[in-house]
Amino acid sequence: MAGWLVFRAGLARALRYRRLVLVAYGANLLGGLALLLLPAAALAGGLGHRPAVRYAADGVDAWLVFETVMSPLVQAALGPDGGEPTLSRGIQQGLLLTLLVGGTLPLLAWLANSFLAGGVLLVYAEAPSPFRWRRFLWGCWHWLGAFLLLGLLQAAAGVALVSLGVFLLALAASAGGWLVAVILLAVIVLGLACLVLVEMTRAVAVVEGVQNVARALALAVRLSVRRMPALAGLYGLSLLLLAGVHGIYRWLLAPLLPLEWWLLALVVLQLFVLARLLARLIRLAGGIALLSKEERDVETDTDDSVTAVLAAVG
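Residues numbered from 1 in each chain as written. Predicted model: local features only at pLDDT ≥ 70, side-chain atom pairs only at ≥ 80, totals over all residues. Heavy atoms only, no water.

**Student:** Could you clarify how one ought to interpret the overall build of the protein in this entry?
**Tutor:** Summing up its helical and strand segments, the protein has 13 helices and zero strands in all. Going from N to C terminus, the protein has its helices and strands arranged as α-α-α-α-α-α-α-α-α-α-α-α-α. A total of 314 residues make up the protein; the buried ones form 30% of that total. About 19,300 Å² of surface is accessible on the protein, with carbon and sulfur atoms providing 71% of the total. (Helix = DSSP H or I, 4+ residues; strand = E, 2+ residues; numbered from the N terminus. Buried < 20%, exposed > 50% of the residue type's maximum accessible area, 1.4 Å probe, protein only. Areas by Shrake-Rupley, 256 points an atom, 1.4 Å probe, with all protein chains shown as cover.)

Take a look at the structure:
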């Protein structure tokens, strides 16, 4: 019940500040366009007119792309008698550029998320105050350094968790399917716990006005333990909402839209992106609502204690 109330409060705040959905969508769109600029420039310069590139546009296995990009290193190792590369140097550079640009996607997402998180959470924390650009941008800049560091810690924890999971799965592969299923479930649960802890650390930092990541993390751990049922309900409902959005798009809408209707397919795709962003903002706003409820409970307990003391003295 508590989880549903927090989720509903998050939904109300997310819908109240719908402008934040457009801000997140704009940042997502700019990041996607930035990733397309370099490959598009390479293709527009004449690379896209080559028959090999046209053939590659129909679909090429990832191993073939990797092998083609690495062919200059193989050629250097073989020496001058090793033969010429299969594809020209221009195509190799274009494929390498595409891989490099694709590899920058996590970096761009990390920077954009770290920058916007402070402003978004500050707006939700100050509800029902009206949205103000100056206040939003101040929040983005104020917590940028702390959230960049927190993102690095999250990435390191993710790499460690995946590495540990792969190692345990390799050891358990010979023991049977049940042990593999248990390990996978444990890794998923730990991953969700890390996500909850990171997002609640950000929320605590904004609500409490803290820039020290260690202090905010300690407060988030204490809050997560105290409000575990409410957090479980909030994140469970948020993940169900996100799964529903994906299911409707992947299994209902996408199969009904032929590629010939590209404009309609593009509109539906962008609505899907907006729905995903809204689901995430509902989760973040719910975390802020939970912290607000925590503060109200603490204030109520304090007032009751003071009243009891005064009554005893009187």
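**Student:** Honestly, the environment of Ala254 in this entry has me stumped. Any pointers?
**Tutor:** Tracing the sequence through the fold places Ala254 in the loop between α12 (228-253) and α13 (262-313). On the accessibility criterion, Ala254 (29% relative accessible area) is partly exposed. Remark: the alpha-carbon pair of Ala254 and Ala265, spanning 11 residues in sequence, is separated by 7.7 Å.

**Student:** What exactly am I supposed to notice about the packing of helix α1 (residues 2-16) against α12 here?
**Tutor:** How two helices sit against one another is set out by the angle between their axes and by the gap between those axes. Between α1 and α12, the shortest axis-to-axis distance is 7 Å and the interhelical angle comes to 60 degrees. Considering their axes alone, α1 and α12 lie oblique with respect to each other. Pair α1 / α12 crosses with right-handed handedness. When α1 is examined against α12, the residues Ala2, Gly3, Trp4, Val6 and Phe7 are found in contact with a partner set consisting of Ala230, Gly233, Leu234, Leu237, Ser238 and Leu241. Taken together, the residues of the contact of α1 with α12 break down into eight nonpolar, three polar and no charged. (Axes fitted to C-alpha atoms, helices over the stretch in contact; angles between N-to-C directions. Parallel < 35°, antiparallel > 145°, perpendicular 65-115°, else oblique. Left-handed = near helix turned anticlockwise from the far one by under 90°. Contact = heavy atoms within 4.5 Å. Nonpolar A, V, L, I, M, F, W, Y, C, P; charged D, E, K, R; others polar.)

**Student:** How should I be thinking about the packing of aromatic side chains in this particular structure?
**Tutor:** In this description, a pair of aromatic rings is defined by centroid distance and the angle of the planes. The final tally for this structure, using the stated rule, is seven aromatic pairs. Look at Phe131 and Phe136: their rings are 5.7 Å apart centre to centre, the planes differ by 40 degrees, and that puts the pair in the tilted class. Across the pair, exposure class does not vary: Phe131 and Phe136 are buried alike. Three or more aromatic residues joined by ring pairs form one cluster here, namely Phe131, Trp133 and Phe136. It is Arg202 that lies over the ring of Phe147; its NZ or CZ is 5.9 Å from the centre. (Phe/Tyr/Trp six-rings, centres within 6.5 Å; stacked < 30°, edge-to-face > 60°. Lys NZ or Arg CZ within 6 Å of the ring centre and 35° of its normal.)

**Student:** Would you mind going over the nonpolar core with me for this structure?
**Tutor:** Proteins that are soluble and globular tend to have nonpolar side chains buried together. If you look at the biggest cluster of nonpolar residues, it comprises 44 residues, and the most contacted ones within it are Leu20, Tyr124, Phe136, Phe147, Met200 and Leu281. With residues up to four places along the chain from it excluded, the contact list for Tyr124 reads Arg13, Ala14, Tyr17, Leu20, Leu281, Ala285 and Ile288. Tyr249, Leu257, Val268 and Phe272 belong to the second-largest nonpolar core, a separate cluster that totals five residues. (Core = buried A, V, L, I, M, F, W, Y, C linked by side-chain atoms within 4.5 Å.)

**Student:** Is there a simple way to explain the pattern of salt bridges in this structure?
**Tutor:** Where side chains of opposite charge bring their charged atoms close, a pairing between them can arise. Inspection of the entire model under this criterion finds two salt bridges. A salt bridge links Glu126 to Arg135; the nearest nitrogen and oxygen atoms lie 2.7 Å apart. Judged by relative accessible area, which is 30%, Arg135 ranks as partly exposed. The partner of Arg283 in a salt bridge is Glu199, with the nearest N and O atoms 2.7 Å apart. Of this pair, Arg283 sits in helix α13 while Glu199 sits in helix α10 (residues 177-208), and the two are 84 residues apart along the sequence. The same class applies to Arg283 and to Glu199, which are both buried. (Salt bridge = Lys/Arg side-chain N within 4 Å of Asp/Glu carboxyl O.)

**Student:** Hey, could you run me through α1 in this one?
**Tutor:** Think of an α-helix as 3.6 residues a turn; residues three or four steps apart then line up on the same face. A rise of 1.5 Å per residue sets the reference length of α1, with its 15 residues, at 21 Å; its end C-alpha atoms lie 21 Å apart and thus fit the reference within 8%. Within the sequence span of α1, burial applies to Gly3, Val6, Phe7, Gly10, Arg13 and Ala14. Relative to the axis of α1, the buried residues are bounded by an arc of 125 degrees and lie together on one face. (Expected span 1.5 Å × (residues − 1). Arc of directions from axis to C-beta.)

**Student:** Sorry if this is basic, but what is going on with the confidence of the model for the protein here?
**Tutor:** Interpretation of this model should avoid reading the predicted coordinates in detail wherever pLDDT is low. Summarising the model, the protein shows a mean pLDDT of 78, and 67% of its residues fall at 70 or more. A low-confidence stretch, residues 82-86 (pLDDT under 50), is modelled with six contacts involving residues beyond four sequence positions or located in other chains. pLDDT under 50 marks residues 298-314. Its contacts with residues more than four places away, or in other chains, come to zero contacts. (pLDDT = per-residue confidence, 0-100.)

**Student:** Hey, could you run me through unusual backbone geometry in this one?
**Tutor:** What you tend to see is this: most non-glycine residues have negative phi, and most peptide bonds are trans. In this structure, Pro128 follows Ala127 across a cis peptide bond, with omega equal to 10 degrees. On the secondary structure map, Pro128 appears in the loop between α7 (105-125) and α8 (133-142).

**Student:** It is not clear to me how the environment of Gly191 should be interpreted in this structure. Could you clarify?
**Tutor:** Inspection of the secondary structure assignment puts Gly191 in helix α10. Considered as a pair, Gly191 and Val162 are 29 residues apart in the sequence and their alpha carbons are 9.0 Å apart.

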